Amino acid sequence: MKFKLGLCGLGTVGRGVVDMLTRNGRTIAERTGLEFSVTRVLVRDPAKERDLPPGARLTFDYRELIEDPEVDIVVEVMGGRDTALEVILGALRGGKSVVTANKEVMASFGPEVFAAAREHGADLFFEASVGGGIPLIRPLKQCLVGNEVSSLLGILNGTSNYILTRMAAGVEFSAALREAQQRGYAEADPRADLEGHDAARKLAILAAVAFGARVKVQEVYTEGIGGLEARDVEYAARLGWAVKPLVMGDMLEGRLSLRVYPALLPLSHPLAKVDGAFNAVLLEGDFVGRTLFYGQGAGGAPTASAVVGDIIEAARNRLNGHNGVGCTCRCEVQVADMAEHVCQHYLRFVARDVPGVLGRAASVLGACGVNIHSVLQTPLERGEAELVFVTHPVREGSLREALAELRREVSGLTLRTHLRLAGVAEL
Ligand SMILES: NC(=O)c1ccc[n+]([C@@H]2O[C@H](COP(=O)([O-])OP(=O)(O)OC[C@H]3O[C@@H](n4cnc5c(N)ncnc54)[C@H](OP(=O)(O)O)[C@@H]3O)[C@@H](O)[C@H]2O)c1
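Residues numbered from 1 in each chain as written. Predicted model: local features only at pLDDT ≥ 70, side-chain atom pairs only at ≥ 80, totals over all residues.

**A word on the packing of helix H7 (residues 158-168) against helix H8 (residues 173-182)**
Then comes step 1: Contact geometry for H7 and H8: axes closest at 9 Å, N-to-C directions at 130°. Taken together, H7 and H8 sit at an angle that is classed as oblique. Here the hand of the crossing between H7 and H8 comes out right-handed. Contact residues: Thr159, Tyr162, Ile163, Arg166 and Met167 in H7; Phe173, Ala176, Leu177, Glu179 and Ala180 in H8.
Then comes step 2: For the contact of H7 with H8, the class distribution of residues is 7 nonpolar, 1 polar and 2 charged. (Axes fitted to C-alpha atoms, helices over the stretch in contact; angles between N-to-C directions. Helix = DSSP H or I, 4+ residues; strand = E, 2+ residues; numbered from the N terminus. Parallel < 35°, antiparallel > 145°, perpendicular 65-115°, else oblique. Left-handed = near helix turned anticlockwise from the far one by under 90°. Contact = placed C-beta atoms within 7 Å. Nonpolar A, V, L, I, M, F, W, Y, C, P; charged D, E, K, R; others polar.)

**Brief notes about the site of the ligand**
Then comes step 1: As a structural note, the neighbourhood of the ligand is formed by 24 residues, with Gly9, Gly11, Asp45, Gly79 and Ala298 the closest of them.
Then comes step 2: No other element matches helix H1 (residues 12-23), which puts 3 residues into the shell around the ligand.
Then comes step 3: Looking at the shell around the ligand, its residues break down into 9 nonpolar, 11 polar and 4 charged. (Near = placed C-beta within 6 Å.)

**Section: the pairing of strand S18 (residues 372-379)**
Then comes step 1: Burial of S18 is sparse: only 0 of the 8 residues sit out of reach of the surface.
Then comes step 2: Where S18 and strand S19 (residues 384-391) come together, 7 bridges link them in antiparallel fashion. The residue bridging Leu376 from the neighbouring strand is Val388, located in S19. (Buried ≥ 20, exposed ≤ 12 C-beta atoms within 10 Å, placed from the backbone. Pairing = 2+ DSSP bridges.)

**Overview of the pairing of strand S11 (residues 255-266)**
Then comes step 1: Taken across its 12 residues, S11 has 9 buried, putting it largely inside the fold.
Then comes step 2: Here 2 bridges tie strand S9 (residues 221-222) to S11, and the two strands are oriented parallel to one another. The partner of Tyr221 across the bridge, within S11, is Arg259.
Then comes step 3: Summarising the sheet, strand S10 (residues 241-252) and S11 pair through 12 bridges and their orientation is antiparallel. From the neighbouring strand, Ala242 faces S11, where its bridge partner is Leu265.
Then comes step 4: Hairpin connection, S10 to S11: the antiparallel pair is bridged by 2 residues, and Glu253 has positive phi, about 50°.
Then comes step 5: Both S11 and strand S15 (residues 334-335) contribute to a ladder of 2 bridges, which runs parallel. Bridging from a neighbouring strand, Leu256 pairs with Val335 of S15.
Then comes step 6: One ladder, built from 2 bridges, connects S11 with strand S21 (residues 413-421); its direction is parallel.

**Re the nonpolar core**
Then comes step 1: Val17, Val75, Leu203 and Val307 are the most contacted members of the largest nonpolar core, which has 129 residues in total.
Then comes step 2: For this core, the element with the most residues is helix H10 (residues 197-211), which contributes 11 residues.
Then comes step 3: Excluding residues within four positions of it along the chain, Leu203 makes contact with Leu156, Val220, Val247, Gly249, Leu258 and Val260. (Core = buried A, V, L, I, M, F, W, Y, C linked by C-beta atoms within 7 Å.)

**Things to note about the sheet that holds strand S5 (residues 97-100)**
Then comes step 1: Strand order across the open sheet formed by 6 strands is S3-S2-S1-S4-S5-S6, with parallel pairing between neighbours. The two strands at the open ends of the sheet, each matched to only one other strand, are strand S3 (57-59) and strand S6 (124-125).
Then comes step 2: Bridging between strand S1 (residues 2-8) and strand S2 (residues 35-42) involves 7 bridges; their strand directions are parallel. Considered in S2, the bridge of Phe3 is made with Phe36.
Then comes step 3: Along the sheet, helix H12 (residues 300-320) contacts S1, S2, strand S4 (73-76), S5 and S6; its crossing angle with S5, the most-contacted strand, is approximately 170°.

What is shown is where atoms sit, not what they do.
Listed below in structure tokens is the structure:
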């Protein structure tokens, strides 16, 4: 059985999809009985030289592609938000199946696009939008669907993970970022990666599927890795921890806590060993227990692997005359306030090296209910010292009040870095 694809985007992922369908087309046909050809390709820049798949026509107007009666499945791998949303909605309204890798659209407009898919009896698949080539969405919607998921912990931004891995080897932040850009892991404008927004979008999508709850990306508490210094990663290692760019989701007493920030993990934790540009997600389900997904979260070939899997699923459904699972969100949940989150904290200060600063800082923290678990003190040059406090578990709100009190009460003490330890629920 033959299916025709409309491919929106012929960049890193689009090229990977064409390569996979070309190189593995025979294997796919033998295993599934399905053959695919790309009939139309949408791009933006008419001046670029293109190596088009055989028989494909180029278009610069997405309407021509989604309205082409020959196109069975629209593959949206162009990125961006508004035009991509129009492509997805337009294709679904025309009854075409849609496969997308677009986390921005799925995280911001999930309810709208799923409503269009349902109304028009069309499939919408988005495996590649989270974790690139790592199967996450379909395992959650199918193999693990009978579980109540209580927590997920993951690394979903390869750029940040690469940078922190290099910092653990003593490379400073800016040099590690340059390396990531040279290797093609980081975009020319890396802000969405470094500020945590890319990971927050992926967490919003994954949490909606894992917890069956509607999640807005604005509800994810988000901090990036900017501001970290190699010495923080060094101190962490001395204390037995790795610094990792984590996404965390926990269902606690009916409230969902969703967080993205660099956090400290014991070196023995499985995610502490996920290095470089690799991604991983550790899930806890009530029947399956802990289960770990690991692999390449980006890149043309791994992402194409997920997109092609979705294309085949969409084609099978068209052939059998039914639709895939669709939206699995069944409830609205209350999202927990970050101020209520309880965990241990790592605080690195630079202090004037005069007697009494350490004692005053510890007593102000103690008076605000923040108990110190351990302290490291290192003399610096120019009459300064570095103080690293690790606290016992404390409410985020109480810690913030204590830090404000420290600023008011203890002169000569500057907070350089604040990190959190991944809490007991996340381990
Ligand atoms: N790259 C990855 O590793 C990866 C991993 C997971 C998910 N994704 C997602 O996959 C999508 C594509 O990423 P990519 O890295 O392949 O992007 P890319 O290399 O920048 O390629 C984008 C392609 O889409 C075309 N395009 C962009 N905007 C367009 C518009 N308004 N109208 C027509 N054509 C347009 C571009 O045309 P021109 O060729 O004319 O510029 C280009 O061919 C994004 O949603 C991204 O988040 C990427």
